[in-house]
Amino acid sequence: RKEVEQDPGPFNVPEGATVAFNCTYSNSASQSFFWYRQDCRKEPKLLMSVYSSGNEDGRFTAQLNRASQYISLLIRDSKLSDSATYLCVVSGTGRRALTFGSGTRLQVQP
Amino acid sequence: GAVVSQHPSWVICKSGTSVKIECRSLDFQATTMFWYRQFPKQSLMLMATSNEGSKATYEQGVEKDKFLINHASLTLSTLTVTSAHPEDSSFYICSAMEEKLFFGSGTQLSVL
């Protein structure tokens, strides 16, 4: 089983739609969780951290369910510029690097 | 926010040559940097952890003699792909931690 699993998509949605991605992780000791966005042949950029209490940043809402070991990202009112690959990222203890999911591709269409 | 600079952005080379990629933390000191590789439509895979002043830690399956890592200062880590072959063609990206993980812009390596 992969450490971090995501549905690769693609998710093709019209502008203005609401779309949700889920991600599951296998290590119950994982401590930090993030969503990154990656455009084609570019470096990943941090979208938001994910907290147990859930957090919102504008049109983006992230939630963490430790009991079920999954993380979600909700995008409301999708824009064309939201088209990208969204990476679920999990870290364990110590200073080890983060573990990336394979990403979920989103294509927002006019 | 913190900035990580990576050069070059693109490299095209002949099979058998060596390629050096530089990763610099511009406004902070990074005792640890990470090197990832990403093949098309796949996830970033950690190759190695670069430690300032000591040997790098390589992930399972990554050949340390092929992917030489040097972290001689607190702001610079280099990855050298020695005797590159077409199967080494990939997107290589470095990162460093400053509260959060910041990435360099990546290097697309194409070996002919």
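Please read all numbers here as calculations on a predicted model, not as lab measurements. (Residues numbered from 1 in each chain as written. Chains lettered and ligands numbered in written order. Predicted model: local features only at pLDDT ≥ 70, side-chain atom pairs only at ≥ 80, totals over all residues. Heavy atoms only, no water.)

## Let's talk about the overall build of chain A
Part 1: Across its full length, chain A carries zero helices and 11 strands.
Part 2: Listed by position from the N terminus, the elements making up chain A come as β-β-β-β-β-β-β-β-β-β-β.
Part 3: For 110 residues, the compact-globule estimate of 2.2 N^0.38 gives 13 Å, and chain A sits close to it at 13 Å.
Part 4: Its C-alpha atoms give chain A principal-axis dimensions of roughly 45 × 30 × 20 Å.
Part 5: Looking at chain A as a whole, 45% of its 110 residues are labelled buried.
Part 6: For chain A, long-range pairs separated by at least 24 residues make up 56% of all intrachain contacts whose partners lie at least 6 apart in sequence.
Part 7: Summed over all atoms, the accessible surface of chain A reaches about 5600 Å², with 46% contributed by carbon and sulfur. (Helix = DSSP H or I, 4+ residues; strand = E, 2+ residues; numbered from the N terminus. Rg over C-alpha atoms; globule rule 2.2 N^0.38 Å. Buried < 20%, exposed > 50% of the residue type's maximum accessible area, 1.4 Å probe, protein only. Contact = heavy atoms within 4.5 Å. Areas by Shrake-Rupley, 256 points an atom, 1.4 Å probe, with all protein chains shown as cover.)

## Things to note about the sheet that holds strand 3 (residues 19–25) of chain A
Residues and elements named next belong to chain A.
Part 1: The five strands lie next to each other as 1-3-8-7-6, forming an open sheet whose pairing is antiparallel. Since the sheet does not close on itself, it has two edges, and those belong to strand 1 (4–6) and strand 6 (55–57), each with one partner. This sheet shows a mean twist of 20 degrees between the axes of neighbouring strands, independent of strand direction. (Pairing = 2+ DSSP bridges. Axes fitted to C-alpha atoms, helices over the stretch in contact; angles between N-to-C directions.)

## A look at the packing of aromatic side chains
Part 1: Going through the model one piece at a time under the given rule, you end up with 10 aromatic pairs over all chains.
Part 2: Geometrically, the ring pair formed by A:Tyr36 and B:Phe103 is edge-to-face, given 5.7 Å between the ring centres and 90 degrees between the ring planes. Here A:Tyr36, found in strand 4 (residues 32–38), pairs with B:Phe103, found in strand 10 (residues 100–103), and the two come from separate chains. Each member of the pair A:Tyr36 and B:Phe103 is classed as buried.
Part 3: Chaining the aromatic ring pairs together yields one cluster made of A:Phe34, A:Tyr36, A:Phe100, B:Tyr36 and B:Phe103. (Phe/Tyr/Trp six-rings, centres within 6.5 Å; stacked < 30°, edge-to-face > 60°.)

## Quick word on the confidence of the model for chain A
Part 1: Looking at chain A as a whole, its pLDDT mean stands at 90, while 94% of the residues score no less than 70.
Part 2: Strand 8 (residues 70–75) of chain A holds the highest mean pLDDT among the elements of chain A, 96, whereas strand 10 (residues 99–100) of chain A holds the lowest, 86. (pLDDT = per-residue confidence, 0-100.)

## Digging into the nonpolar core
For soluble globular proteins, nonpolar side chains are generally found buried alongside one another.
Part 1: Among the nonpolar cores identified, the biggest contains 24 residues, and B:Cys13, B:Trp35, B:Phe67, B:Leu79, B:Tyr92 and B:Leu109 are the most heavily contacted of them.
Part 2: When residues of this core are traced back to their parent elements, those giving at least two are strand 2 (10–13), strand 3 (19–25), strand 4 (32–38), strand 5 (45–51), strand 7 (67–73), strand 8 (76–81), strand 9 (90–98) and strand 11 (107–111) of chain B.
Part 3: Beyond its immediate stretch of four places on either side in the chain, B:Phe67 contacts B:Arg37, B:Met47, B:Tyr58, B:Val62, B:Leu79, B:Thr80, B:Val81, B:Asp88 and B:Tyr92.
Part 4: Core analysis: the next-biggest nonpolar cluster, separate from the first, contains 23 residues, A:Val50, A:Leu64, A:Ala84 and A:Val108 among them. (Core = buried A, V, L, I, M, F, W, Y, C linked by side-chain atoms within 4.5 Å.)

## A few points about the pairing of strand 8 of chain A
All names here are of chain A.
Part 1: Bridging between strand 3 and strand 8 involves six bridges; their strand directions are antiparallel. Directly across from Ala20, in strand 8, lies its bridge partner Leu74.
Part 2: Pairing of strand 7 (residues 60–65) with strand 8, which is carried by six bridges, proceeds in the antiparallel orientation. Bridge pairing in strand 8 places Asn65 opposite Tyr70.
Part 3: Joining the antiparallel neighbours strand 7 and strand 8 is a turn of four residues, in which Gln69 adopts a positive phi near 55 degrees.

## What to know about the side chain of B:Ser25
All names here are of chain B.
Part 1: Its place among the elements puts Ser25 in strand 3.
Part 2: Polar contacts involving the side chain of Ser25 include one to the main-chain carbonyl oxygen of Phe28, which spans 2.7 Å.
Part 3: If near-sequence neighbours (up to four positions away) are discounted, Ser25 is found in contact with Val3, Ala30, Met33, Leu74 and Thr75. (Polar contact = N/O pair within 3.5 Å; in protein donor to acceptor, adjacent residues only side chain to side chain.)

## Some remarks on the pairing of strand 7 of chain A
Residues and elements named next belong to chain A.
Part 1: Pairing analysis gives three bridges linking strand 6 to strand 7, with the strands arranged antiparallel. Its bridge partner being in strand 7, Asn55 is matched across the sheet by Ala62.
Part 2: Here strand 6 folds back onto strand 7, and the loop between the two strands holds two residues, one of which, Gly58, carries a positive phi near 65 degrees.

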